[in-house]
Amino acid sequence: GFYSPVAIGNVVWHDANNNGLRDGGETPVDGVLVELYRSTQTPGVDAPLATDTTAGGGIYGFDGLTPGDYIVSIPTPPAGFPRSSTVTDTADNREDNDDNGTQATDGARTTSPVINLASGAEPNGTDGDNANGDLTIDFGFFAPVNLGNLVWNDVNNNGQVDPGETGLDGVGVELYTEGQTPGVDSPVATDTTSGGGLYEFTGLNPTNYVVYIPTPPAD
């Protein structure tokens, strides 16, 4: 009996808008360690079957493999981008340029679903692979973002923080994503101004937000 060896790869990139898709203008990330495991192994516990480091535009790859079930795992996210894309495709569906990594917490190991590799049955894509290679296992990462800042007493009603105008503490502030109805839907997060009228929401996924104050400050 004979068989054709199989291969798996492909790219790690900065998913700037956290939509789980590799959009035009989003940059690949080189220098990321990638590990390959059999599906019967536990990433981070068992010794990996093989390792590679992304290069040449975020590319990694493992070839010469026996047909079977595999897991791709990244032990440490790229520096500066600790969070895996939250829009994740966890199916072994051979779709290219979407995020396939699942991560428990920021900075933690990121792991693909179990991928079955079969000789002659893999997608013929645009990444230079053939029917013996699945080069669609991609990983997107991004940096969480913050939003804030100040509620103040605009004494002269000119819309500017002028010298002598003071921040207002104790004001409740709510955060919503675009598409939610402030005051009706549940807010993503809440804060109360302090330290001179300051508020802040941290660790957010990149998207569009609305800041809402349900009750104006008392006179």
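Residues numbered from 1 in each chain as written. Predicted model: local features only at pLDDT ≥ 70, side-chain atom pairs only at ≥ 80, totals over all residues. Heavy atoms only, no water.

Caption draft 1: Spotlight on the pairing of strand β2 (residues 33-38). Pairing geometry for β2 and strand β3 (residues 50-53), over 4 bridges, is antiparallel. Bridge pairing in β3 places glutamate 35 opposite threonine 51. Direction of pairing for β2 relative to strand β5 (residues 68-74): antiparallel, over a ladder of 4 bridges. Across the sheet, the residue bridging to tyrosine 37 is isoleucine 71, located in β5. (Pairing = 2+ DSSP bridges. Helix = DSSP H or I, 4+ residues; strand = E, 2+ residues; numbered from the N terminus.)

Caption draft 2: Representation of the sheet that holds strand β14 (residues 189-192) in the model. One open sheet accounts for 3 strands, arranged β14-β13-β16; its pairing is antiparallel. Taken across any chain shown, the strands that pair with only one partner, and hence form the sheet edges, are β14 and β16 (209-212). The sheet shows a mean angle of 20 degrees between the axes of neighbouring strands, taken without regard to direction. (Axes fitted to C-alpha atoms, helices over the stretch in contact; angles between N-to-C directions.)

Caption draft 3: Spotlight on the pattern of salt bridges. A full pass over the atoms with the stated rule returns 2 salt bridges. Arginine 83 serves as the salt-bridge partner of aspartate 106, at 2.8 Å between the closest nitrogen and oxygen. One end of the pair, aspartate 106, is in the loop between β7 (102-103) and β8 (110-111); the other, arginine 83, is in strand β6 (residues 83-84), with 23 residues separating them in the sequence. (Salt bridge = Lys/Arg side-chain N within 4 Å of Asp/Glu carboxyl O.)

Caption draft 4: Region of the structure containing the nonpolar core. Residues Ile8, Leu65, Val72 and Phe139 are the most contacted members of the largest nonpolar core, which totals 18 residues. Only β1 (6-14), β2, β4 (59-65), β5, β9 (115-117) and β11 (139-142) provide two or more residues apiece to this core. With residues near it in sequence (within four places) discarded, valine 72 still touches Ile8, Val34, Glu35, Leu36, Tyr60, Thr110, Thr111, Ser112, Ile137 and Phe139. Val171, Leu175, Tyr199 and Phe201 belong to the second largest nonpolar core, which has 7 residues in total. (Core = buried A, V, L, I, M, F, W, Y, C linked by side-chain atoms within 4.5 Å. Buried < 20%, exposed > 50% of the residue type's maximum accessible area, 1.4 Å probe, protein only. Contact = heavy atoms within 4.5 Å.)

Interpretation in functional terms is not warranted from these geometric data alone.
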